[in-house]
Amino acid sequence: MAEKHSAVVEGLNPELRDLNTLLAALQIERYETSAYETLSFLAQQMGHRDAARLLRETLREEQETAKLVLELLKASKLHWTEGMAEDAASEAPRRRRAA
């Protein structure tokens, strides 16, 4: 399945491939953030204050990384949406004729 996904991604234009990579990175960062939130909560509940502190520190780092990836996504939006808007505009007359 991963090979099939890889083949699909390889067939994308560079902008969409970059978008796919950034979206995957954001998904991973969100998953890691969730895991560190849970682990720090459990460590605190179990009385492991030092471990909880370290886990919260790592959580903040993961949140910062997710924020940076999201900023990259927002910055890249201008490039990949331009092509999509042009495609949509060229499709509109065809849809009206077909209706």
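Reference entry: report on the structure contained in this document. (Residues numbered from 1 in each chain as written. Predicted model: local features only at pLDDT ≥ 70, side-chain atom pairs only at ≥ 80, totals over all residues. Heavy atoms only, no water.)

## Some points on the overall build of the protein
Right, so step 1: In terms of regular secondary structure, the protein is built from three helices and zero strands.
Right, so step 2: From first element to last, N terminus to C terminus, the protein shows the α and β order α-α-α.
Right, so step 3: Residues counted as buried form 17% of the 99 residues belonging to the protein.
Right, so step 4: In the protein, of all internal contacts separated by at least 6 residues, the share reaching a separation of at least 24 is 56%.
Right, so step 5: Carbon and sulfur atoms make up 58% of the accessible area of the protein, which totals about 7,900 Å². (Helix = DSSP H or I, 4+ residues; strand = E, 2+ residues; numbered from the N terminus. Buried < 20%, exposed > 50% of the residue type's maximum accessible area, 1.4 Å probe, protein only. Contact = heavy atoms within 4.5 Å. Areas by Shrake-Rupley, 256 points an atom, 1.4 Å probe, with all protein chains shown as cover.)

## Some remarks on helix α2 (residues 14–45)
Right, so step 1: Taking 1.5 Å of rise per residue, the 32 residues of α2 would be expected to cover 46 Å, and the 47 Å separating its terminal C-alpha atoms lies within 8% of that figure.
Right, so step 2: Taken as a whole, α2 has its buried residues at Leu19, Leu22, Leu26, Glu29, Thr33, Ser40 and Ala43.
Right, so step 3: Downstream of α2 by one or two residues, Gly47 has phi in the positive range, about 85°. (Expected span 1.5 Å × (residues − 1).)

## Concerning the side chain of Ser40
Right, so step 1: With respect to the helices, strands and loops of the structure, Ser40 is situated in helix α2.
Right, so step 2: Reaching out from Ser40, the side chain makes a polar contact with the backbone oxygen of Glu37 at a distance of 3.1 Å.
Right, so step 3: The residues contacting Ser40, other than those within four sequence positions of it, are Ala52, Leu55 and Arg56. (Polar contact = N/O pair within 3.5 Å; in protein donor to acceptor, adjacent residues only side chain to side chain.)

## A short note on the nonpolar core
Right, so step 1: With six residues, the main nonpolar core is built from Leu19, Leu22, Leu26, Ala66, Val69 and Leu73.
Right, so step 2: When contributions to this core are tallied by element, the ones reaching two or more residues are α2 and α3 (49–98). (Core = buried A, V, L, I, M, F, W, Y, C linked by side-chain atoms within 4.5 Å.)

## A closer look at the environment of Val69
Right, so step 1: Mapping Val69 onto the fold places it in helix α3.
Right, so step 2: With 47 residues separating them in the primary sequence, Val69 and Leu22 have C-alpha atoms 6.6 Å apart.
Right, so step 3: Among residues more than four places away in sequence, those in contact with Val69 are Leu22, Ala25 and Leu26.

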